[in-house]
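# Architecture and fold: a report
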Number of protein chains: 2
Amino acid sequence: MTANVLQIIRKSKVPLSKTDIVAESGLSLSAVSDHVERLINEKLIVVSNIGNSSGGRKPRLYALNKDAGYIISIELGTSSVRVAISDFDCNILYSDHSPVDINEGPEKVLTHVYHVVKHIMSTNHIDQVSIKGIGIGIPGPVEFTSGLPISPTIMPGWDRYPIRNFWSKYFECPCYVDNDVNIMALGEHAKGLNFEVDNLIYIKIGTGIGAGIIYDGKLYRGSSGSAGDIGHFDVGSDVICWCGNTGCLEAVAGGKAIATKAKELALAGKSNFLLETLDDKGELSLKDIGAGIQRLDTLSVELIRDSGALIGRVLASLVNYSNPSLISISGGASEFGDILLAAIRQGVYQRSLPLATRNLLINKSILGKSAGLIGGAFMTIDQLIINSTDDNSHSFHDLKQRS
Amino acid sequence: MTANVLQIIRKSKVPLSKTDIVAESGLSLSAVSDHVERLINEKLIVVSNIGNSSGGRKPRLYALNKDAGYIISIELGTSSVRVAISDFDCNILYSDHSPVDINEGPEKVLTHVYHVVKHIMSTNHIDQVSIKGIGIGIPGPVEFTSGLPISPTIMPGWDRYPIRNFWSKYFECPCYVDNDVNIMALGEHAKGLNFEVDNLIYIKIGTGIGAGIIYDGKLYRGSSGSAGDIGHFDVGSDVICWCGNTGCLEAVAGGKAIATKAKELALAGKSNFLLETLDDKGELSLKDIGAGIQRLDTLSVELIRDSGALIGRVLASLVNYSNPSLISISGGASEFGDILLAAIRQGVYQRSLPLATRNLLINKSILGKSAGLIGGAFMTIDQLIINSTDDNSHSFHDLKQRS
């Protein structure tokens, strides 16, 4: 139950008094006092400031001790990796963004990431003991309990690779692996929003299209950890997807699909701007379509609008099914002004039922590119606290020996 | 917290000792003893039998007192209504099934239901005071907090009709209203399954097609109570739906759609059996297709198979998105042997991702036609207990005055 009290303090956006914690936890005041004392002794929380009095002595307010330790957060993409070291309140202190090719397989990629981590640590004089946990987001399905990637199609060679074991060779602290969009959803929900949202769908539109789901205030991973896959929703087209089926959303509206279509249409003479770019670079990427939009290139605008309309159609079904109060849009394609967002909104409102859209907001992600790193730290601390409840006689700082 | 202890005892499939309750609740043994004593005094739980000893005195085991009161459960359909009186453990004691026409509007329909309830009560000598709550499921979206139907398209005249107020004219106990499939999902999860399932999607295929969602062991209603609507998933056909859009699942694969198509094709000479039935009755219903399947009428089999394939395609997307461990199928069309189920399974497995189907079961509902009535009682008792936590100084039996 000490862990519960720590979670309540940590998840609150303002410092809390013991009375606040009693109200939130349902525990007695004397139990709360015991837990608070233990957390103070372990330096996991601090007295933040003195609150307002309702008559007698002003109550002490407690907050998370952001200096309780460091967290390493890693967001692996198909062509680059972001690495950060954050404090215990998920503030990013140091970070790095470097190219990787995920096709080179886990050993080579993770060794690169390890060197980046070591470099950040030595440059900033951070020793191993103060690192309390490592959180990694990868662009594929993860069995969360084991941290194993399961048939991650855009990560050849990574199927069931024991990522956790790689890190335990170098670090004593626990390592947790999750799907990248799950982690982004966690980060956005916990640290991005300045209002309360219970039900959030976080969408990342990159090479593929994925979703992270917050239900009733908690990340929803599903029965085997694969929840949130929307890339293979059937949109009724005859385009063949890498998964073997036809008409998957990702195969028609994802970043790679947009770039492929752009090349095809540029070569057919539909856009001078994109044809020139193609001549220069030999290939087209989502970024080139972004540049096209800034120059008001008609084809670029149409491609993004069509993609948004398809994504909106799928989201309309999900809005009817899961009735969220917020949909946050992130990823490369979301960076191109409001064209994508407007098309998505139109698609959703056209096909959703009245009661489902009454309180629905569809916005760009507030944390944007930082969502993954901040969420990675948040997920890691969450797991450290959850796993500590197994045995209350150990202090939280002992976790590195036990996990 | 007494309410929490009551929920733990009630939701357990076996009687529990105080030590079991301590383990489940995280409360101290002395706190659990206090709550148990209070619940015994209020006759909400009973000493069930004596458990196995682990050395000393054999522990007492506690179970819900099924005789703590009666619950009225009502399941309203478009053309009939089921009414039951159950005990406090959701066992149906008395029930009735009678025709109604939901188009006649709330006053007329509910007055009929009231007379049915009064008749059951007087026949079985049940007085008003022993009725502790009323639970109603309706075939449309409900704002659960207020119990108001919101734009329920197949219930003309019911939009925002205060169903709860109707009942408070006659009964002092609280009344709760929810969507019918939500209630069925609750019933199946709590009382139908003899194994633990955290994530369940309950599908009802009747005139329309709807879903009830259990996530992490709890009914998920969404932000405004409309979660579970899958009838308007876009399946890419050009059939116009009553909602104004084209290609909705319900408009192509629902019971009404099947019957319409059957009529069309029978008139085109595709089935002698259905044409004869049509000549006899002037119309075709889902039941007639069922009779056709029993006679191995090819058209009937094809119609149900096509409907199952479409429903399977939509469920495949939902399996990828929400990764349930069980999908339960119920409703008229599910009664026709295994043709529908086989087609649904095939559709799901063809389009779902490996990790998402690894532990997935797709079965017929175990409670079947009783799911709604049992679930209605379960939902009502759930709400009685949840609402009682507002003020621990009142006994549960005071609820009727306070709600």
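In the annotation of an unreviewed UniProt entry, the entry for chain A reads Sugar kinase, and the organism field reads Paenibacillus abyssi. Per UniProt, chain A has the following entry under Function (unreviewed entry): "Transcriptional repressor of xylose-utilizing enzymes." Under the heading Sequence similarities (unreviewed entry), UniProt records this for chain A: "Belongs to the ROK (NagC/XylR) family."

Attention shifts here to the interface of chain B and chain A. Contacts between the two partners involve 49 residues from chain B and, on the opposite side, 49 residues from chain A. Buried surface at the junction of chain B and chain A, both sides included, amounts to about 4100 Å², of which 48% is carbon and sulfur. On inspection of chain B and its partner chain A, the count reaches 4 salt bridges. Close ionic contact of A:Arg358 with B:Glu143 constitutes a salt bridge, the shortest N to O distance being 2.3 Å. At the junction of chain B and chain A, the tally comes to 28 residue pairs in polar contact (both at pLDDT 80 or more). Secondary structure elements with two or more residues in the side of chain B that touches chain A: β7 (142-143), β11 (209-215), α11 (298-322), α12 (339-351) and α13 (354-357) of chain B. Per-element tally for the side of chain B that touches chain A: the top contributor is α11(B), with 6 residues.

Residues and elements named next belong to chain B. Strand order in the open sheet made by the 5 strands is β12-β11-β10-β13-β14, with mixed pairing throughout. The open sheet is flanked by β12 (218-219) and β14 (361-364), the only strands paired with a single partner. Bridge count for strand β10 (residues 200-205) against strand β13 (residues 326-330) is 5 bridges, and the pairing is parallel. Looking at the pairing, Ile 201 lines up with Ile 327 of β13. Relative to β14, α12 is tilted by about 165°, and along the sheet it contacts β10, β13 and β14.

In terms of domains, chain A is made up of domain 1 (2-64), domain 2 (70-186 + 370-402) and domain 3 (194-365). For domain 1 of chain A versus domain 3 of chain A, the distance between C-alpha centres works out to 42 Å.

Residue and element names in this part refer to chain A. Within this structure, the stated rule accounts for 20 aromatic pairs over all chains. With centroids separated by 3.9 Å and ring planes inclined at 20°, the aromatic side chains of Tyr 114 and Tyr 170 adopt a geometry described as stacked. One end of the pair, Tyr 114, is in helix α4 (residues 106-123); the other, Tyr 170, is in the loop between α5 (163-168) and β9 (175-179), with 56 residues separating them in the sequence. Residue class for Tyr 114 comes out buried when judged on its relative accessible area of 13%. By relative accessible area, which is 29% here, Tyr 170 ends up partly exposed. Through a chain of ring-to-ring contacts, the aromatic side chains of Tyr 114, Phe 166, Trp 167, Tyr 170 and Phe 171 assemble into a single cluster. Positioned above the aromatic ring of Phe 144 is the side chain of Arg 221, whose terminal nitrogen or guanidinium carbon lies 3.5 Å from the ring centre.

Moving on, we come to the packing of helix α8 (residues 255-267) of chain B against helix α9 (residues 272-281) of chain B. All names here are of chain B. Contact geometry for α8 and α9: axes closest at 9 Å, N-to-C directions at 105°. Overall, the two elements α8 and α9 adopt an arrangement that is roughly perpendicular. Contacts between α8 and α9 involve Ala 262, Lys 263, Ala 266 and Leu 267 from the first element and Leu 274, Leu 275 and Leu 278 from the second.

What follows covers the side chain of B:Ser352. Residue and element names in this part refer to chain B. Counting through the fold element by element, Ser 352 comes out in the loop between α12 and α13. At 2.8 Å, the side chain of Ser 352 forms a polar contact with the backbone oxygen of Val 348. Discounting residues that sit within four places of it in the chain, Ser 352 has contacts with Ala 316, Val 319, Asn 320 and Thr 357.

Where like charges cluster on the molecular surface, the negative patch consists of A:Glu196, A:Asp198, A:Asp216, B:Glu196, B:Asp198 and B:Asp216. As for its placement among the helices and strands, A:Asp216 is situated in the loop between β11 (209-215) and β12 (218-219). Judged by its relative accessible area of 43%, A:Asp216 falls in the partly exposed class.

All names here are of chain A. In space, the 5 strands of this open sheet follow the order β12-β11-β10-β13-β14, with mixed pairing throughout. One side of each edge strand has no neighbouring strand; the edge strands of this open sheet are β12 and β14 (361-364). Running over the sheet, helix α12 (residues 339-351) touches β10 (200-205), β13 (326-330) and β14 and is turned about 165° from β14.

Let us now look at the pairing of β10(A). Within a regular strand, side chains alternate between the sheet's two faces. All names here are of chain A. In terms of burial, β10 is a largely internal element, 5 of the 6 residues being buried. Two elements, β10 and β11, share 6 bridges in a ladder whose sense is antiparallel. Counterpart to Tyr 202 in the pairing with β11 is Gly 212.

A separate point is the relation of the copies chain B and chain A. For the pair chain B and chain A, the superposition axis carries a translation of 0.1 Å, the fit reaches an RMSD of 0.1 Å, and the rotation angle comes to 180°. In short, the pair behaves as if placed about a two-fold rotation axis. When C-alpha distances to the rotation axis are compared across chain B, the minimum falls at B:Gly236, with a value of 2.9 Å.

What follows is about the pattern of salt bridges. As enumerated under the stated definition, the model contains 24 salt bridges over all chains in all. Across the pair B:Lys281 and B:Asp288 runs a salt bridge, and its minimum N-O distance is 2.6 Å. Judged by relative accessible area, which is 56%, B:Lys281 ranks as exposed. Beyond isolated ion pairs, a larger network of salt bridges with shared partners links A:Arg10, A:Lys11 and A:Asp382.

Moving on, we get to the confidence of the model for chain A. All names here are of chain A. Taken residue by residue, chain A gives an average pLDDT of 90. The fraction at 70 or more is 95%. Contacts from residues 390-394, a stretch scored under 50 in pLDDT, to residues over four places away or in other chains number 5 contacts. Across residues 398-403, where pLDDT falls below 50, the model places 13 contacts with residues more than four positions away in sequence or in other chains.

Both trends apply: most residues other than glycine have a negative phi, and most peptide bonds are in trans. If you check the backbone angles, A:Cys90 has positive phi at about 70° while not being a glycine. Position of A:Cys90 relative to the elements: it lies in the loop between β4 (80-86) and β5 (92-99). Residue A:Cys90 is classed as buried on the basis of its relative accessible area, which comes to 4%. Within the chain, B:Asp216 stands out as a residue other than glycine whose phi angle is a positive 50°.

Reading the values: the criteria
- Residues numbered from 1 in each chain as written.
- Chains lettered and ligands numbered in written order.
- Predicted model: local features only at pLDDT ≥ 70, side-chain atom pairs only at ≥ 80, totals over all residues.
- Heavy atoms only, no water.
- UniProt positions renumbered as here; feature names shortened; annotations may be inferred.
- Contact = heavy atoms within 4.5 Å.
- Buried area = accessible area lost by both parts, 1.4 Å probe.
- Salt bridge = Lys/Arg side-chain N within 4 Å of Asp/Glu carboxyl O.
- Polar contact = N/O pair within 3.5 Å; in protein donor to acceptor, adjacent residues only side chain to side chain.
- Helix = DSSP H or I, 4+ residues; strand = E, 2+ residues; numbered from the N terminus.
- Pairing = 2+ DSSP bridges.
- Axes fitted to C-alpha atoms, helices over the stretch in contact; angles between N-to-C directions.
- Domains from an automatic or database assignment.
- Phe/Tyr/Trp six-rings, centres within 6.5 Å; stacked < 30°, edge-to-face > 60°.
- Buried < 20%, exposed > 50% of the residue type's maximum accessible area, 1.4 Å probe, protein only.
- Lys NZ or Arg CZ within 6 Å of the ring centre and 35° of its normal.
- Parallel < 35°, antiparallel > 145°, perpendicular 65-115°, else oblique.
- Patch = residues over 30% accessible without salt bridge, like charges linked within 9 Å, V, L, I, M, F, W, Y side chains within 5 Å.
- Areas by Shrake-Rupley, 256 points an atom, 1.4 Å probe, with all protein chains shown as cover.
- Lys, Arg positive; Asp, Glu negative; His and termini not counted.
- Charge placed at Lys NZ, Arg CZ, Asp CG, Glu CD.
- Least-squares fit on C-alpha atoms with pLDDT ≥ 70 in both.
- pLDDT = per-residue confidence, 0-100.

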